[in-house]
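These are the residues of each chain, in order.
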Amino acid sequence: MPNSQAANSNSSNSSSAQYTESYFTTCTGLGLPAERLLDILDAPEMAFKNPLHRFSCDAILDMIAYAQEQTGHKSIGLLAGTNFRPSTFLDVGQAFISAESLRHALKVNAKYQRLTQQFGQTGLDVDRKSARVTWTPYIEDPERLRPITEAVYAGYVSIGRWLLWHYNEDALVVYFRHSKPCDPDPCAEYFGCEIKYDQPFDCLEFKAGLADVALPQANPELLKTLESRLDRALKNLENLDRMTNQVHQCILYSLGQMPVNIVDIARSLGYSPQVMTRGLKDEGSSFRGILQEVRRQNAEFYLKANRKSLADIALALGYSDQTAFTRAYRGWHGVPPSQTLPAS
C-alpha cells in the first residue's frame, strides 16, 4: 500500500493560473462574488490572463474553505474535478492524450505535475489484481486538503474514461485519509464504487488490465515534441527571475489565444515594452528572436498533431497568411511545410 507519510508542507508551493481557475470558476458558479474570491487569493482581477501567474496553494485552500462555509456545499473539490479535461492542464494534458497507455500517461504526468499544481504527487503501482493511483500530499492535514484530494481523483476518473473511451468504467475502491464529508455521499455516486474514509493513505484502485490498454489517440512523435516543450517549461519555472524565460513561456501560452506583440506580452507580464526590451537585451536575447523560436516549436507541434490545415496553422502562429508562414518555414527547414515534418 502507499506510504502514508506526507511530504513536508512548503508554504511556497503554488499552482498554475489555468488549474486555479478551475476551482475559482466552480466557486463563482455557486454564486460567490469573484471580487471576494480574488481577495482571498491575493490576486488582481487580471491574474488569470497572465499565463505565468502562480497562485499560493494555501490561498487556494482558503478560497475553497470560504466557499464551503458560505454555501454549505461540502464537495466543491469533487465538483471541480469532474469538470477537469486535458485542456485544464495545457501541454501536460495534451501529453496525456498522446501517451501510449494510462501507465505511460501517469508516468508523464508525474514528471511534469508541478507545472500544474504543487499540492502533492501522484504515482502508479500495478500488480496482477489491480492498479493503484497513489497520492502523496505536501500538506499533513487531510481535512484541509480534502477538496484537492477529491478533485485529483475525480479528475483522474474523468480523464481516464475520456482517454480510454470507456465512459462507464468505474473504479474498484477509493481510499481517503479524510472523513466522510456528508451523507448521502456524492463521491460514492460519482466513482461508482466503495469509498473507504479515515484511511492511512489516499489511493484509487482500478482494474489492472486497464493500465496498459493502448490509448486510441497515442502519438509518439507529438509526445516527443510536447516533452521538449515541457522540459523547457520546467526550466522556465525554476528560473522565472530571467526575463527571457518569462517572455518565452508567456508567448508559448499566448500564441493562438491572443494577439502576440511586444506591447501585449509586456502588459501580461506587468512590464512596459521599454523595460522588457532592456531586460531581454541585458540577457542577450530579443522579443523577435524568442517569438520566432516559439513559432518554430509550435509549427512542429501542429504539424505532428495533424489536426489543422496549413492556413489554420499560419493563423495560430500569428502570421498574416499561409504565404508568410510558408516563407518562415522554408527559412527554418529549407523546404515548404507539409503535414509530415522532415527528419531532424
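What you are looking at is a predicted structure, and each value in this text was computed from that prediction instead of being measured.

In terms of regular secondary structure, the protein chain is built from 15 helices and seven strands. A compact globule built from 344 residues should have a C-alpha radius of gyration of about 20 Å, and the protein chain, at 21 Å, falls within 12% of that. Out of the 344 residues belonging to the protein chain, those deemed buried represent 51%. Within the protein chain, contacts between residues separated by at least 24 positions form 66% of all contacts whose residues are at least 6 apart in sequence. Total accessible area computed for the protein chain in this model is approximately 16000 Å², and 48% of it derives from carbon and sulfur atoms. Distance between charge centroids for the protein chain: 8 Å, based on 35 positive and 38 negative side chains.

For the rest of this paragraph, the subject is the pairing of strand 4 (residues 130-137). Within strand 4, seven of the eight residues are buried, leaving the element largely enclosed by the surrounding structure. Where strand 3 (residues 120-126) lies against strand 4, seven bridges are found, and the strand directions are antiparallel. Note on strand 4: the bridge partner recorded for Val126 is Ala131. The antiparallel hairpin formed by strand 3 and strand 4 contains three residues in its connecting segment.

If you walk through the whole model with that rule in mind, you get 14 salt bridges. Across the pair Asp231 and Lys111 runs a salt bridge whose closest N-O atoms are separated by 3.6 Å. Of the two residues, Asp231 is situated in helix 9 (residues 220-238) and Lys111 in helix 6 (residues 102-116); the sequence distance between them amounts to 120 residues. Residue classification places Asp231 among the partly exposed positions, given a relative accessible area of 37%. The partner of Asp264 in a salt bridge is Arg267, and the shortest N-O contact between them spans 2.8 Å. Here the residue Asp264 and the residue Arg267 both occupy positions in helix 11 (residues 262-269), the gap between them amounting to three residues, near one helical turn.

The next point concerns the side chain of Gln249. Looking at the element boundaries, Gln249 is found in helix 10 (residues 243-254). Since its relative accessible area comes to 5%, Gln249 is described here as buried. Leaving out residues up to four positions away in the same chain, Gln249 has contacts with Leu52, Ala233 and Asn236.

Take the sheet that holds strand 7 (residues 202-207) next. Think of a sheet as strands paired side by side through backbone hydrogen bonds, with each pair either parallel or antiparallel. In space, the five strands of this open sheet follow the order 3-4-7-5-6, with mixed pairing throughout. Edge positions in the open sheet fall to strand 3 and strand 6 (194-196), since each of these has one partner strand only. Within this sheet the neighbouring strands show an average axis-to-axis angle of 15 degrees, counted without direction. The pairing of strand 4 with strand 7 spans six bridges and is antiparallel. In the sheet register, Ala131 faces strand 7, and the bridge partner there is Phe206. Sitting on the sheet, helix 6 is in contact with strand 3, strand 4 and strand 7, with an inclination near 155 degrees to strand 3. Helix-sheet contacts for helix 7 (residues 142-164) involve strand 3, strand 4 and strand 7, and the interaxial angle to strand 4 is about 150 degrees.

Note on placement: Leu41 falls in helix 2 (residues 34-41). Through-space distance from the C-alpha of Leu41 to that of Gly331 is 45 Å; in sequence the pair is 290 residues apart. Setting aside residues up to four positions removed in sequence, Leu41 forms contacts with Thr20, Phe24, Phe48, Phe55, Ala59, Ile60 and Met63.

At a minimum axis separation of 10 Å, helix 3 (residues 57-71) and helix 7 run at an interaxial angle of 90 degrees. Considering their axes alone, helix 3 and helix 7 lie roughly perpendicular with respect to each other. Note on element contacts: helix 7 touches helix 3 through Arg144, Leu145, Arg146, Pro147 and Ile148, opposite Asp58, Leu61, Asp62, Ile64 and Gln68.

So, about helix 7. Over its 23 residues, helix 7 extends 30 Å from the first C-alpha to the last, a length consistent with the 33 Å expected when each residue adds 1.5 Å. The largest bend in helix 7 amounts to roughly 35 degrees and is located at Ile148. Among the 23 residues that make up helix 7, 19 are buried, leaving the element largely enclosed by the rest of the structure. Measuring from the side-chain oxygen of the N-cap residue of helix 7 to the backbone nitrogen of Glu143 gives 3.0 Å; that N-cap residue is Asp141. Trp165, located one to two residues past helix 7, shows a positive phi value of around 65 degrees.

Our focus in this paragraph is the packing of helix 6 against helix 9. As a packed pair, helix 6 and helix 9 sit with axes 9 Å apart at the nearest point and diverge in direction by 25 degrees. By the angle class used here, helix 6 and helix 9 are roughly parallel. Our pair here, helix 6 against helix 9, has a crossing hand that is left-handed. Contact residues: His104, Val108, Lys111, Tyr112, Arg114 and Leu115 in helix 6; Leu223, Glu227, Leu230, Asp231, Ala233, Leu234, Leu237 and Glu238 in helix 9.

So, about the layout of surface pockets. Counted as a void, the largest pocket has a volume near 1300 Å³. In terms of lining residues, the largest pocket is bounded by 48 residues, among which Pro51, Leu90, Tyr253, Ser254 and Gln257 are the most central. If you list the elements that add at least two residues to the lining of the largest pocket, you get helix 1 (17-29), helix 5 (90-98), helix 9, helix 10, helix 11 and helix 13 (287-305). Along the lines of polarity and charge, the residues of the lining of the largest pocket split into 23 nonpolar, 15 polar and 10 charged.

Rules behind the numbers
- Residue positions are given per chain, counted from 1 along the sequence in the order it is written.
- In view of the model being predicted, local features appear only for residues whose pLDDT reaches at least 70, and side-chain atom pairs are presented and counted only at 80 or more, with totals across whole chains, interfaces and linings using the full set of residues.
- Processing note: side-chain calculations cover all non-hydrogen atoms of the structure and skip hydrogens and water entirely.
- Per the convention used, a helix needs a DSSP run of H or I reaching at least four residues, while a strand needs a run of E reaching at least two, with both numbered from the N terminus.
- This radius of gyration counts C-alpha atoms alone. The globule rule is 2.2 Å times how many residues there are, raised to the power 0.38.
- Each residue gets one of three labels from its accessible area relative to the maximum for its type: buried under 20%, exposed over 50%, partly exposed in between, using a 1.4 Å probe on protein chains only.
- Between two residues, a contact is recorded if the distance between any of their heavy atoms is within 4.5 Å.
- Accessible surface is estimated by sampling points in the Shrake-Rupley manner with a 1.4 Å probe; for residues, cover comes only from the protein chains shown.
- All tallies of charge rest on Lys and Arg as positive and Asp and Glu as negative; His and the ends of each chain are not included.
- Every charge is mapped to an atom, namely NZ of Lys, CZ of Arg, CG of Asp or CD of Glu.
- When DSSP finds two or more bridges between two strands, those strands count as paired.
- In what follows, salt bridge is the name for a side-chain nitrogen of Lys or Arg lying within 4 Å of a carboxyl oxygen of Asp or Glu.
- Helix axes are fitted only over the stretch in contact, all axes being lines through C-alpha atoms; the angle between N-to-C directions runs from 0 to 180 degrees.
- Any angle from 65 to 115 degrees is called roughly perpendicular, while one under 35 is roughly parallel, one over 145 is roughly antiparallel, and all others are oblique.
- Helix span, as expected, comes to 1.5 Å for every residue beyond the first.
- Throughout, the bend at a residue refers to the angle made by two axes, fitted to the seven residues ending there and to the seven starting there.
- We call two N or O atoms a polar contact when they sit within 3.5 Å, provided that within protein one can donate a hydrogen and the other can accept it, with sequence-adjacent residues counted only if both atoms are side-chain atoms.
- By the definition used in this description, the sense in which the near helix is turned from the far one sets the handedness, with an anticlockwise turn below a right angle giving left-handed and a clockwise turn giving right-handed.
- Buried and open spaces are told apart on a 1 Å grid over the protein atoms alone, a cavity being a set of points where a 1.4 Å probe fits but cannot get out and a pocket being an open set with protein on both sides within 12 Å along at least five of seven lines. Residues with an atom within 4 Å of a point are the lining residues.
- Grid points are joined across faces, edges and corners, and a volume is the space filled by probe spheres set on the points.
- Polarity classes work like this: nonpolar for Ala, Val, Leu, Ile, Met, Phe, Trp, Tyr, Cys and Pro, charged for Asp, Glu, Lys and Arg, and polar for all others, with Gly in that last group.

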